[in-house]
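# Chain and residue survey
As a plain string of letters, each chain reads:
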Amino acid sequence: QVQLVESGGGLVQAGGSLRLSCTASGRTFSYAMGWFRQAPGKEREFVAAISSSGGGTSYADSVQGRFTISRDNAKRTVYLQMNTLKPEDTAVYYCAAGTTTQTIMKNWVNYWGQGTQVTVSS
């Protein structure tokens, strides 16, 4: 069993930055990790994923070039650096653990965090 706890959400003006963190506890941190988001009235969507080693990453087209996913395996933590934020980035952001980045991108997730709210004002 793996528990995921997100932090770092908040309110920011358009053009600003935030860094989300997700810390894992439990048996192992050898999963690929990812971030999803869900805006009000919309389905949850894939944002970014990173391999267990940190050597491979994938991004949704909507965040490519603005968001960066990284991980520190010694701290059992994955990060999402979000720059040049837009009002349409407003959502609850969820941390996820899965087998590979490809399975995460297909929404085949083994574990979910509880989510953290990100609100971008115009």
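A short tour of the structure in this document, coming up.

Criteria and thresholds
Every chain is numbered on its own, with residues counted from 1 as its sequence reads. It should be noted that, the model being predicted, local features are given only for residues of pLDDT at least 70 and side-chain atom pairs only at 80 or more, the latter also being counted only at that level, while totals for whole chains, interfaces and linings use all residues. Side-chain numbers here rest on the full set of heavy atoms in the structure, without hydrogens or water. What makes two strands pair is DSSP finding at least two bridges between them. The helix count covers DSSP runs of H or I at least four residues long, the strand count covers runs of E at least two residues long, and both are numbered beginning at the N terminus. For helices, the fitted axis covers only the stretch in contact; all axes are lines through C-alpha atoms, and the angles between them, taken along N-to-C directions, range from 0 to 180 degrees. Cysteine sulfur atoms that come within 2.5 Å of each other are treated as a disulfide pair. Only protein chains enter the accessibility calculation, which uses a 1.4 Å probe. A residue is then buried if its area is under 20% of the maximum for its type, exposed if over 50%, and partly exposed in between. Salt bridges are defined by distance alone: a side-chain nitrogen of Lys or Arg within 4 Å of a carboxyl oxygen of Asp or Glu.

The antiparallel open sheet is built from four strands, whose spatial order is β1-β3-β8-β7. Of all strands in the sheet, those with a lone pairing partner are β1 (2-7) and β7 (67-72), marking the two edges. In this sheet, neighbouring strand axes are inclined to one another by 15° on average, regardless of whether the strands run parallel or antiparallel. Two elements, β7 and strand β8 (residues 77-82), share six bridges in a ladder whose sense is antiparallel. Bridge assignment links Thr68 to a residue of β8, and that residue is Gln81.

Here the focus is the state of the cysteines. Here a disulfide denotes one covalent bond, and it connects the sulfur atoms of two cysteines. Overall, the coordinates contain one disulfide when judged by the stated rule. With a sulfur-sulfur separation of 2.1 Å, Cys22 is cross-linked through a disulfide to Cys95. When the S-S torsion is -80°, as for the bridge of Cys22 with Cys95, the disulfide is left-handed. Remark: Cys95 occurs in strand β9 (residues 91-98) and Cys22 occurs in strand β3 (residues 18-26); sequence separation between them is 73 residues. Accessibility classification places Cys22 together with Cys95 in one group, the buried group.

One pass over the full model with this rule turns up three salt bridges. Of the charged contacts in the structure, one is a salt bridge between Asp89 and Arg37, with a shortest N-O distance of 2.9 Å. Residue Asp89 is located in the loop between β8 and β9, and its partner Arg37 is located in strand β4 (residues 32-38); the two are separated by 52 residues in the primary sequence. You can call Arg37 buried: its relative accessible area is 6%. A salt bridge links Arg66 to Asp89; the shortest N-O distance between them is 2.8 Å.

Any functional reading would require information beyond the geometric quantities listed.
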